[in-house]
Amino acid sequence: MANERKFVPRRRFTRRKVCRFCADSSLKIDYKEVRNLRFFISERGKIVPRRISGNCAIHQRKVTEAIKQARNIAILPFTSAHSLD
Ligand SMILES: [Zn+2]
């Protein structure tokens, strides 16, 4: 059994993730609302890609802009080195 090929059937989860900003219009994308933006930042301070965050293109773009603004005024980290947690 040297050449054991493990074929794991990858289940495609096609539960359509709805963009949370589209679903809930009360959620604001604001660079001052770090609590909301934190969802879209990995623990290393990177912006989470759309395919993971589930955002639509419009909102992902807004989130990205907001995160960048927040970084510039130092309320979000560029890297984990400055992480407060
Ligand atoms: Zn959206």
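See above for the structure.
Residues numbered from 1 in each chain as written. Predicted model: local features only at pLDDT ≥ 70, side-chain atom pairs only at ≥ 80, totals over all residues.

Q: Before we move on, can you summarise the overall build of the chain with the specific residues and values?
A: In terms of regular secondary structure, the chain is built from four helices and zero strands. Tracing the chain from N to C terminus, the helices and strands come up as α-α-α-α. The proportion of buried residues among the 85 residues of the chain is 13%. (Helix = DSSP H or I, 4+ residues; strand = E, 2+ residues; numbered from the N terminus. Buried ≥ 20, exposed ≤ 12 C-beta atoms within 10 Å, placed from the backbone.)

Q: Which residues make up the environment of K46, and what values do they have?
A: Within the secondary structure, K46 sits in the loop between α2 (34-37) and α3 (50-53). Residues K46 and I67, 21 residues apart in the sequence, show an inter-C-alpha distance of 9.6 Å.

Q: How would you explain helix α4 (residues 57-72) if you had to name every residue and give the values?
A: Note that an α-helix has 3.6 residues per turn; residues three or four places apart therefore point the same way. A rise of 1.5 Å per residue sets the reference length of α4, with its 16 residues, at 22 Å; its end C-alpha atoms lie 23 Å apart and thus fit the reference within 8%. Those residues of α4 not exposed but buried are Q60, V63, A66, I67 and A70. All buried residues of α4 lie within an arc of 125° about the axis, which places them on one face of the element. Across α4 from its buried face, at more than 90 degrees, point the exposed residues A57, I58, E65 and N72. (Expected span 1.5 Å × (residues − 1). Arc of directions from axis to C-beta.)

Q: How would you explain the environment of S80 if you had to name every residue and give the values?
A: Structurally, S80 can be placed in the segment after α4. With 12 C-beta atoms counted inside 10 Å, the residue S80 sits in the exposed group. Once residues lying within four places of it in the same chain are set aside, the contact partners of S80 are E43, R44 and G45. (Contact = placed C-beta atoms within 7 Å.)

Q: I'd love a proper account of the nonpolar core, names of residues and values included.
A: The biggest cluster of nonpolar side chains holds nine residues, and these are I29, Y31, L37, F40, V63, A66, I67, A70 and L76. Contacts of I29, omitting those with residues within four sequence positions, involve F21, N36, H59, K62, V63 and A66. (Core = buried A, V, L, I, M, F, W, Y, C linked by C-beta atoms within 7 Å.)

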